[in-house]
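Structure at a glance
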Amino acid sequence: MATERYDVIIIGTGAGGGTLAYHLASSGKRILILERGPYLPREKANWEAKAVYQDERYHTTDLWQDKEGKPFRPATGYWVGGNTKVYGAALLRLRERDFEAVTHKDGISPAWPLGYSDFAPYYDQAEQLYQVHGERGEDHTEPPSSVPYPFPAVSHEPRMAQIADGLKQQGLQPFHLPLGIKLNEVDRALSACIRCDTCDGFPCLVQAKADGEIDGIRLAIAHNNVTLKTEAQVLRLLTSQTGREVTGVEVSEVDGLVTYTADIVVVACGSLNSAALLLKSANEQHPQGLANSSDQVGRNFMKHLTVALVSLTPTPNEAVYQKTIAVSDFYWGAPDFPYPMGLVQNTGNVLKDMLPAEAPALLAPFVKLSPGFALEEIAERTTGWWLQTEDLPDPKNRIHWVKDKIQVDYTLNNIEARDQLLKRWINILKAVEKAEHVIPFGIYPRTLIPLQAVGHQCGTCRFGTDPATSVLDINCRTHDVDNLYVVDGSFFPSSSAVNPTLTIIANALRVGDHLLKRLSGA
């Protein structure tokens, strides 16, 4: 069944799609937003660690497969707001050098076709829109900005301040992690955020996390010219006989199949699903997949090399909201290892009902044998750390669409840099612990985050100036199809070692400016 035509169709409502919808909404153009999932339910389970971590209540039940064809359940969710509904809200800018070619131990991280200066004004706008809290000047690797953060840094609670001081005594420069939460610490009565212990990885029951729904979609649909359809899964994109224009978006809705049309179509499903959509939209004009004459769609998938580390010490950690510290001292390397290693930041609180699902291998046997009260005692003495190292773009790390399933072919690289960061961080934690106790007692179990986490996903439709080596031009329009854009983490040529979300938001605002000019005929 064919329906009326729109000016713009946006597929996906996360950091990219939600932000773009907001940015275009005031134009008066007729905009249709398609989201395969519903609104994430507001329920008590939002804050229940067992439901979120053990039962994976908010993850899809779809199965993908790895390069060997083994099925796995990805830790991804389909909701209005996408995966920003459960992200940790850490919103950092790429470093200025991240936009340049960088030599790593395992190879070269390629230069972007645009530089930091092209993104800087959009980072300013992104931080304002997503209400980022931070402190300029603390992070010695941060890129320049002419404006302060919109809101002051989220304060350290006493135990976290003590840990930060201990890190400083080891010669490091810890800084307040930039966070997108709606917290008013001057007048807590006016604060949407209640500073709880279920934020990182949890949906926010009080809707105080800056995400693609709250800060994008809700603002967009307040305009009469914007329509949101939920539980509307896009099956494929149809093209004209020349293949140069998307002429239809085929959608499975509750009542059946519908085909929508628009002057401009924007794909913003996340790097994996965006690539899959283009691949499964193959037709006579695009036999390898839509916009894939370069054979680059799905290639160069990146997701960071990540390690979750638990520091278990005699000193209780009574901090309610722990995710406030980051360390970039090893971001560009060290004298004895002159290659980038990555970023260290806190995780959210390690709660007792998270331990059976998330316990690192060295701690798992003890956890399984421990009654509930023992788990609580363990959790009360833990601090979680998240280490992330850049993985390098590799054309063999790619997404396929095989037998109606996403297949992720992925092999780790840059492993030595990750291991160097992990070793150094454990030694630092031991030194901090030794300084705190006459007889130090620290256990530092860790988990290498597996493929099914698929967090921080980027690449798969890199942007560039050469149609032979990239999928998108510098405005994120596909080289092959005139009215098709991709606006999510797919466009990244490299992953850097900071969280990608703020860059996705900034890029959506940047592409939004381009689309506004195109829609106005300028």
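Remember, predicted model here, so these are calculated numbers, not experimental data.

Attention now goes to the overall build of the protein chain. Check the secondary structure of the protein chain and you find 11 helices and 19 strands. Rg of the C-alpha trace for the protein chain: 22 Å, near the compact-globule value of 24 Å for 522 residues, within the 12% margin. Dimensions of the protein chain along its principal axes, counting C-alpha atoms only, are 75 × 50 × 50 Å. A buried classification covers 60% of the 522 residues belonging to the protein chain. Across the protein chain, contacts joining residues at least 24 apart in sequence account for 73% of those joining residues at least 6 apart. As displayed, the protein chain has an accessible area near 20300 Å², and 52% of this comes from carbon and sulfur atoms.

Attention shifts here to the state of the cysteines. Counted according to the given criterion, the structure contains 0 disulfides. There is no disulfide at C458, and the cysteine sulfur nearest it, in C461, is 12 Å away. You can call C458 buried: its relative accessible area is 1%. A disulfide-free cysteine, C476 has its sulfur positioned 9.8 Å from the sulfur of C461, the nearest such atom. Residue class for C476 comes out buried when judged on its relative accessible area of 0%.

Taken together, 4 strands build an open sheet; the order of strands is β4-β3-β17-β16 and the sheet is mixed. Of all strands in the sheet, those with a lone pairing partner are β4 (71-72) and β16 (398-402), marking the two edges. Here 5 bridges tie β16 to strand β17 (residues 405-409), and the two strands are oriented antiparallel to one another. Bridge pairing links W401 to I406 in β17. Strands in contact with helix α6 (residues 271-280) are β3 (64-66), β16 and β17; relative to β16, the strand with the most contacts, it is inclined by about 50°.

Calculation rules
- Residues numbered from 1 in each chain as written.
- Predicted model: local features only at pLDDT ≥ 70, side-chain atom pairs only at ≥ 80, totals over all residues.
- Heavy atoms only, no water.
- Helix = DSSP H or I, 4+ residues; strand = E, 2+ residues; numbered from the N terminus.
- Rg over C-alpha atoms; globule rule 2.2 N^0.38 Å.
- Buried < 20%, exposed > 50% of the residue type's maximum accessible area, 1.4 Å probe, protein only.
- Contact = heavy atoms within 4.5 Å.
- Areas by Shrake-Rupley, 256 points an atom, 1.4 Å probe, with all protein chains shown as cover.
- Disulfide = S-S within 2.5 Å.
- Pairing = 2+ DSSP bridges.
- Axes fitted to C-alpha atoms, helices over the stretch in contact; angles between N-to-C directions.

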